[in-house]
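Below, each chain spelled out in residue letters.
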Amino acid sequence: MAIGAAANGAPLPVTSAATRGSKMAASAAMERLRYVLVLLVLLPGTDSFYVPGVAPINFHRNDPVEIKAVKLTSSRTQLPYEYYSLPFCQPSQITYKAENLGEVLRGDRIVNTPFQVSMNVEKKCEVLCNFPNKPVVLTVEQSKLIAERIREDYYVHLIADNLPVATRLEFYSNREEEEKKKEKDVQFEHGYRLGFMDGNKFYLHNHLSFILYYHREDVEESQEHTYRVVRFEVIPQSIKLEDLKADEKSMCTLPEATGSAPQEIDPTKENQLLFTYSVHWEESDIKWASRWDTYLTMSDVQIHWFSIINSVVVVFFLSGILSMIIIRTLRKDIANYNKEDDIEDTMEESGWKLVHGDVFRPPQYPMILSSLLGSGIQLFCMILIVIFVAMLGMLSPSSRGALMTTACFLFMFMGVFGGFFAGRLYRTLKGHRWKKGAFCTATLYPGVVFGICFVLNCFIWGKHSSGAVPFPTMVALLCMWFGISLPLVYLGYYFGFRKQPYDNPVRTNQIPRQIPEQRWYMNKFVGILMAGILPFGAMFIELFFIFSAIWENQFYYLFGFLFLVFIILVVSCSQISIVMVYFQLCAEDYRWWWRTFLVSGGSAFYVLIYAVFYFVNKLDIVEFIPSLLYFGYTALMVLSFWLLTGTIGFYAAYMFVRKIYAAVKID
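This one's a predicted model, so the numbers in the text were calculated from it and none came from an experiment.

Rules and cut-offs
- Residues numbered from 1 in each chain as written.
- Predicted model: local features only at pLDDT ≥ 70, side-chain atom pairs only at ≥ 80, totals over all residues.
- Heavy atoms only, no water.
- pLDDT = per-residue confidence, 0-100.
- Contact = heavy atoms within 4.5 Å.
- Helix = DSSP H or I, 4+ residues; strand = E, 2+ residues; numbered from the N terminus.
- Expected span 1.5 Å × (residues − 1).
- Bend = angle between axes of the 7 residues up to and from the residue.
- Buried < 20%, exposed > 50% of the residue type's maximum accessible area, 1.4 Å probe, protein only.
- Pairing = 2+ DSSP bridges.
- Axes fitted to C-alpha atoms, helices over the stretch in contact; angles between N-to-C directions.
- Disulfide = S-S within 2.5 Å.
- Patch = residues over 30% accessible without salt bridge, like charges linked within 9 Å, V, L, I, M, F, W, Y side chains within 5 Å.
- Areas by Shrake-Rupley, 256 points an atom, 1.4 Å probe, with all protein chains shown as cover.
- Salt bridge = Lys/Arg side-chain N within 4 Å of Asp/Glu carboxyl O.
- Parallel < 35°, antiparallel > 145°, perpendicular 65-115°, else oblique.
- Left-handed = near helix turned anticlockwise from the far one by under 90°.
- Nonpolar A, V, L, I, M, F, W, Y, C, P; charged D, E, K, R; others polar.
- Phe/Tyr/Trp six-rings, centres within 6.5 Å; stacked < 30°, edge-to-face > 60°.
- Lys NZ or Arg CZ within 6 Å of the ring centre and 35° of its normal.

### Regarding the confidence of the model for the protein
Averaged over every residue, the pLDDT of the protein is 81; residues scoring 70 or more account for 84%. Here residues 1-53 is a poorly scored stretch, pLDDT under 50, and it has 17 contacts once near neighbours within four places are set aside; other chains count.

Here's what the structure looks like:
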């Protein structure tokens, strides 16, 4: 704002406060500032600000538009493969794009292809491999591999100008007969199917009709028109070799739609075929900024809003009831406990005040508890920042792998907060070996995650899938863990351990009190089942969309919804945890530390049950390794979710316990 004011001739704040002796220097600075502003105005392309890597590319007519391949995916096998794992036509020189951490972990292997596409230049039909009279011969091994990938329902993913290819699906919805004739519903499928099966026969999509949409940019009359790619569609077709008439110039003629036979792939013998493609350009009103809307629009946004409103109403209704009951009961308890009557001496104490001398007694294994809670704080900070930043639109799907890369680095850097909270809690629980505690915090949860991922990765390596994390990436992740996360956890732990421990309002007795026999409903497992219902009910509809994004290769970009759900989850976990710890203390059971952590994470048990239900009902996975991958990664998700919700519940309960015992008079 100050620069703008200077450019318009208004005095800068510094100039107005300048002394008489420095006015000449200020005016010289103003002159230099004007020159800089003039240069900035004259520089081309400085009229907009874009996030690095996602700035629009302007094309002129006949400029090459590069088509790249990303990978092959299937929701049936969950194993991505790189594009040239199948015998597609290859360019003279294969070049792989340098990838970020997120892309490598997702199994993306972006590579160039021989498709020759130029801006706003039509192509009727062209042979892809430059042998029009000499078709591609697939060996028996290659034919078997293609047939197997078709049976496993693989999709091919290409990109043009960083925009993924989509297949248009048109169908009539359940409307009235008259409306059916007028309007079709359009949905888009990510990528295109490698082929299809008819009975026991396999057919390969060997002809691709690319439909690219461009937006013509407004320019001055003297300048040449510039274009931007705003949509990339494909219509895959299977056309028999005999029906594709190719000439010496690699041009070909497509047969009539009615009279053509599909290209069969017989896995028992060699197969001959031609790979061909055509290019069609269409002008579009869609602007470059809105070009991802096609991929991100969801037909069920209403379901989302319904689920969010439903969750909010349920959670706040229950919150109101719980808060009212707890506050009224507590006020009554505290009023009774604080009465200074003669009768009080004769009456026997009962309820939660009775355990005041034991409620802050350190639990068993304080180091492991504080380490798990430290990892929970790390996860909480990482998830909160990632969802918030993504909600602001900074982690767009156009910057591939950005979400996963950001999450990995944030988890490393949040180690300082995890270490601080773990160290302070460990000191409060009368722990002394802070170095061992810091090492435990830095390695316990990440070690389990790394171990499970390494075992799963060995299976993926055995399948030669691009989803396998390469060895150099694994070494880089280990270096990040021990070079960034570990020192930061130690740093946070050191300061947390040196800080004053949490101030507990009552002293702990030397001799522990005997715990009376508990009712059946105070059992740990019953507590987990009861405590998990409310948080899970608040988020299970969102869970369906997250699972679809992970396991069915869908785009997930509803971070606004997710942020709301996350807030609801935090509120509901805190409330349930407070209620459960209150009941436990009223039953004169003071062993609440571990129990609160376990019970607050009860919704993770329901997430596990939902994951099994989703596997059985929604996914068509039958093989061993895909099933192992699904349950391996689901176990990691459930573990992380348990740590997250357990940590939220634990700190809510700890604050509650300290508050209520500070409010009563203890002799």
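That was the structure; now back to the text.
### Description of helix α14 (residues 471-498)
Structural remark: α-helix, 3.6 residues per turn; residues separated by three or four positions point the same way. Between its first and last C-alpha atoms α14 spans 39 Å; for 28 residues at 1.5 Å apiece the expected length is 40 Å, and the two agree. Most pronounced at S485, the bend in α14 amounts to some 30°, and the proline P487 follows within four residues. For α14, the set of buried residues is T473, M474, L477, M480, W481, S485, L486, V489, G492, Y493, G496 and F497.

### Things to note about the environment of I150
Its place among the elements puts I150 in helix α5 (residues 140-151). The sequence separation of I150 and F202 amounts to 52 residues, and the corresponding C-alpha distance is 7.0 Å. The contacts of I150, once residues within four sequence positions are left out, are L194, G195, F196, M197, F202, Y203 and L204.

### With respect to the sheet that holds strand β10 (residues 195-198)
As summarised here, the arrangement of the three strands in space is β10-β11-β16, forming an open sheet in which the pairing is antiparallel. Sheet topology places β10 and β16 (264-265) at the edges, where each strand pairs with a single neighbour. As paired elements, β10 and strand β11 (residues 201-204) share four bridges and run antiparallel to each other. Following the sheet pairing, G195 is matched in β11 by L204. Strands in contact with α5 are β10, β11 and β16; relative to β11, the strand with the most contacts, it is inclined by about 95°.

### Focus on the state of the cysteines
In this structure the tally under the stated criterion is two disulfides. What pairs with C89 in a disulfide is C129, and their sulfur atoms sit 1.7 Å apart. Across the S-S bond linking C89 and C129, the dihedral sits near -110°, which makes this disulfide left-handed. Of this pair, C89 sits in the loop between β1 (67-73) and α4 (101-106) while C129 sits in the loop between β3 (123-127) and β4 (136-138), and the two are 40 residues apart along the sequence. Across the pair, exposure class does not vary: C89 and C129 are buried alike. The connectivity of the disulfide bonds within the protein can be written as 1-3, 2-4, using the sequence rank of each bonded cysteine.

### A word on a nonpolar patch on the surface
On the surface, a nonpolar cluster with roughly 410 Å² of combined accessible area is contributed by V314, F317, L318, I321 and I325. Position of I325 among the secondary structure elements: in helix α8 (residues 301-337). Accessibility expressed as a relative area gives 47% for I325, which makes it partly exposed.

### Digging into the packing of helix α10 (residues 366-391) against helix α12 (residues 415-428)
Orientation of α10 relative to α12, taken along the N-to-C sense of each, is 150°, at an axis distance of 8 Å. By the criterion of interaxial angle, the relationship of α10 to α12 is roughly antiparallel. The way α10 lies across α12 gives a crossing that is right-handed. Counted together, P366, M367, S370, L373, G374, I377, Q378 and C381 of α10 and G415, F417, G418, F421, A422, L425 and Y426 of α12 form the full contact between these two elements. The residue makeup of the contact of α10 with α12, split by class, is ten nonpolar, five polar and no charged.

### Some points on the pattern of salt bridges
Across all of its chains, the model carries 13 salt bridges by this definition. Note that R193 and D153 form a salt bridge whose closest N and O atoms lie 2.8 Å from each other. Of this pair, R193 sits in strand β9 (residues 192-193) while D153 sits in the loop between α5 and β5 (155-160); the two residues are 40 residues apart in sequence, bridging distant segments of the chain. Residue classification places D153 among the partly exposed positions, given a relative accessible area of 25%. Close ionic contact of D161 with R291 constitutes a salt bridge, the shortest N to O distance being 3.1 Å. Linking D161 in the loop between β5 and β6 (163-164) with R291 in the loop between β18 (276-283) and α7 (293-296), this pair joins segments that are 130 residues apart in sequence. There is no split in this pair, since D161 and R291 are both buried. Taken together, the shared-partner salt bridges in this structure form one network comprising K71, R106 and D108.

### As for the pairing of β3
Of all the five residues making up β3, four are buried; the element is thus mostly covered by neighbouring parts of the structure. Relative to β18, β3 is paired through three bridges, and the arrangement is antiparallel. Counted as the bridge partner of V127 is T276 from β18.

### Side note on the packing of aromatic side chains
All chains considered together, the criterion is met by 53 aromatic pairs. Between F88 and F275, the aromatic rings sit 6.0 Å apart at their centres with planes inclined by 65°, giving edge-to-face as the arrangement. Of this pair, F88 sits in the loop between β1 and α4 while F275 sits in the loop between β17 (271-273) and β18; the two residues are 187 residues apart in sequence, bridging distant segments of the chain. For the pair shown, F88 and F275 are each scored as buried. Plain terms: the ring middles of F544 and Y614 are 6.3 Å apart, the flat faces sit at 65° to each other, and that makes the pair edge-to-face. Of this pair, F544 sits in helix α15 (residues 524-551) while Y614 is found in helix α18 (residues 603-617), placing the two residues 70 residues apart along the sequence. The exposure class assigned to Y614 is buried, which follows from its relative accessible area of 0%. An aromatic cluster is defined as three or more aromatic residues linked by ring pairs; in this entry it consists of F525, F536, F540, F544, F545, F547, F605, Y606, Y610, F613 and Y614. Here R149 stacks its cationic end above the ring of Y81, 4.0 Å away from the centre of that ring. For the cation-ring pair, R424 lies above Y502, with the distance from its terminal atom to the ring centre recorded as 4.3 Å.

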